[in-house]
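Understanding the architecture of this molecule
The primary structure of each chain is shown beneath.
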Amino acid sequence: MNPLSGALKFLSTTLFNSVLALVFFLVAGHFATPSFVGKVAIIQLMETITGAFFSILPYQLVTREVSHSYASSQGYDKLVYTSLSYSLLVSPLLLFLLFFPSYLWMSIPYFVIYLFTNYQGQLLTGLGKFTEVNVGNAVFTISRWGFSIIAIFYHSVELLILIWTLGAVMKAVYYQIHLPFKFSLDKTTFKEIAKVGFPIYLTGVVYFISGQGDRVVTAFLLGSYYLGIYQLVALAAIVPSTLISSFSSSLLPSSTYYYTKGKDMKEISSVSFRIVTLISLPLAILGYAISPLFISKFFPQYVLGIPSMQLLILSLTSTMPLQLLSTFMIAAKKDYRPFIIIGIISAAEVVGVSYYLIPRISIYGAAIAQAFNVIITSLLYLFFSYSQGVFKLERREIAGLALIGLSFLAFINWEVLLIVVLLGFKLLGTISNEEVKVIEGFTPYSLKRITKVLYLIAK
């Protein structure tokens, strides 16, 4: 179970997905209206609703449990069969979409397969089959953002749905090869995971409101045109943070695996936090600086969203090290009730601030609501992970927190701040030579040269 090679695989497919999505929206920006982009956004919104409301067996806990069983050499067939069977049994609830516009009820088969493949992917990830998971992701990405470009030229959302559905079917079939499935629902396994994971499930539901609340309020108050603009800049803005969060895909099973083997979770979380800080802050600052040129050059119809995009890039990317602390709380299997508290606070803030600011300053109000959200939730994750003994706050961790706080000064002068942050990593001793040696042990031979950069920064 190699967390670094796994992270690199997830990073490569996330990058592949981002590049193809960029091409898709470049074409859509020139040959389709913001209203068309808004409909695509609504379908993606329904994906999130499906994943949040229908995952009574929480994805993270399924991954954690199968990884724990794998590490302790216990059988995991019941967990696999129960998770996948549940995803099919719950799918008839999606028939509520029959009361919505035709392009949404036509998407029902896609959402059923989407939920099924989500569980397949989480189970394979928990078993450390990172290559298989990412091959499936790549297959779906080609369909989702590659072939669906055809639908833009026909101005057909229905054709886009058909292409996405066929891509999801191919992904499910491929995963079936590596994760055999038979329909069998073990009631004991189901009840245990549903009971223990209820706080995580409820948090996922509430996080839908906080994560998508700004978009829902934008659609309700401003309509699909402004939703299309905000959705495009928001999707572009989350690319850096999505690339970083791809590390967590292997981080959860890997940290669970090594924690089960007796490793100290505080050390695992501390090293991960500082390494991610080293990556996220320069990326956040450079993203803030480059985003206006990116939108002006490729999406001139969407320049209205530039300030929103800058704020989202900086806030979402710089706080990723703190957001990932939730991974270690799940891996350590501590009290999950704090997730409910964080979720409720987060949802209330996003919806409340969005309703207040969007009528006054349009989509920039939605961006402010989301920026406040990630800052508040990041601080709460820090508090609860520390209080549960999952994370430590010593000199180097505090130095990392200070640099995260400094990153928001990019609004004043990003060039100077970038230099200060890079020097700060070295002078404050964010990582040590001993830790780089550990990282080097997990690094594939072809990428050993990357560790030389870490040695330059290490102290």
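Residues numbered from 1 in each chain as written. Predicted model: local features only at pLDDT ≥ 70, side-chain atom pairs only at ≥ 80, totals over all residues. Heavy atoms only, no water.

Of regular secondary structure, the protein chain possesses 23 helices and zero strands. Computed over the C-alpha atoms, the radius of gyration of the protein chain is 21 Å, within 12% of the 23 Å expected from 2.2 N^0.38 for a compact globule of 459 residues. Principal-axis analysis of the C-alpha atoms places the extent of the protein chain at approximately 60 × 55 × 45 Å. Across the 459 residues that make up the protein chain, the buried fraction comes to 56%. Within the protein chain, contacts between residues separated by at least 24 positions form 84% of all contacts whose residues are at least 6 apart in sequence. Accessible surface for the protein chain amounts to roughly 19200 Å². Of this, 70% is attributable to carbon and sulfur atoms. Mean positive and mean negative side-chain charge positions of the protein chain (30 and 18 charges, respectively) differ by 2 Å. (Helix = DSSP H or I, 4+ residues; strand = E, 2+ residues; numbered from the N terminus. Rg over C-alpha atoms; globule rule 2.2 N^0.38 Å. Buried < 20%, exposed > 50% of the residue type's maximum accessible area, 1.4 Å probe, protein only. Contact = heavy atoms within 4.5 Å. Areas by Shrake-Rupley, 256 points an atom, 1.4 Å probe, with all protein chains shown as cover. Lys, Arg positive; Asp, Glu negative; His and termini not counted. Charge placed at Lys NZ, Arg CZ, Asp CG, Glu CD.)

Looking now at the domain arrangement of the protein chain. Entries for the protein chain in the domain assignment read domain 1 (3-185) and domain 2 (216-428). For domain 1 and domain 2, the distance between their C-alpha centres works out to 23 Å. Taken together, the contact pairs 34 residues of domain 1 with 32 residues of domain 2. Between the two partners, domain 1 and domain 2, sit zero residue pairs in polar contact (both at pLDDT 80 or more). Residue assignment for the side of domain 1 that touches domain 2 shows that the elements contributing at least two residues are helix 1 (3-31), helix 2 (34-53), helix 3 (59-71) and helix 6 (108-126). For the side of domain 1 that touches domain 2, the element with the most residues is helix 1, which contributes 13 residues. (Domains from an automatic or database assignment. Polar contact = N/O pair within 3.5 Å; in protein donor to acceptor, adjacent residues only side chain to side chain.)

Moving on to the pattern of salt bridges. Following the criterion strictly, the structure yields five salt bridges and no others. Between Glu 267 and Lys 392 there is a salt bridge, and its shortest N-O distance comes to 2.6 Å. Pair noted here: Glu 267 is in helix 14 (residues 265-298) and Lys 392 is in the loop between helix 19 (363-387) and helix 20 (395-406), with a separation of 125 residues, a long-range link. For Lys 392, a relative accessible area of 12% corresponds to the buried category. Within this structure, Glu 267, Lys 392 and Glu 394 form a network of salt bridges that share partners. (Salt bridge = Lys/Arg side-chain N within 4 Å of Asp/Glu carboxyl O.)

What follows deals with the packing of helix 18 (residues 337-361) against helix 19. Running from amino to carboxyl end, helix 18 crosses helix 19 at an angle of 160°, the nearest separation of the two axes being 8 Å. On the basis of their axis angle, the class for helix 18 and helix 19 is roughly antiparallel. Once helix 18 is placed against helix 19, the crossing between them reads as right-handed. Here the residues of the contact of helix 18 with helix 19 sort into 20 nonpolar, five polar and one charged. (Axes fitted to C-alpha atoms, helices over the stretch in contact; angles between N-to-C directions. Parallel < 35°, antiparallel > 145°, perpendicular 65-115°, else oblique. Left-handed = near helix turned anticlockwise from the far one by under 90°. Nonpolar A, V, L, I, M, F, W, Y, C, P; charged D, E, K, R; others polar.)

What follows covers the environment of Gln 176. Within the element layout of this structure, Gln 176 appears in helix 9 (residues 157-178). The exposure class of Gln 176 is partly exposed, given its relative accessible area of 31%. Residues Gln 176 and Gln 120 lie 56 residues apart in sequence; the distance between their C-alpha atoms is 8.0 Å. If we skip the residues at most four places from it in the chain, Gln 176 touches Gln 120 and Phe 181.

Along the chain, the position of Ser 85 falls in helix 4 (residues 77-89). Within the local environment of Ser 85, its side chain forms a polar contact with the backbone oxygen of Tyr 81, the two atoms lying 2.7 Å apart. In this structure Ser 85 touches Phe 181, Lys 182, Phe 183, Ser 184 and Leu 185, once residues within four positions along its chain are discounted.

The next subject is unusual backbone geometry. Peptide bonds are, in most cases, trans, and in most cases residues other than glycine have a negative phi. Although it is not a glycine, Ser 362 adopts a positive phi angle of roughly 60°. Tracing the backbone through its elements, the reader meets Ser 362 in the loop between helix 18 and helix 19.

This part takes up helix 7 (residues 130-147). For helix 7, which comprises 18 residues, the first-to-last C-alpha distance of 25 Å matches the rise-based estimate of 26 Å (1.5 Å per residue) to within 8%. Within helix 7, burial applies to Phe 130, Val 133, Asn 134, Gly 136, Ala 138, Phe 140, Thr 141, Ser 143, Arg 144 and Trp 145. (Expected span 1.5 Å × (residues − 1).)

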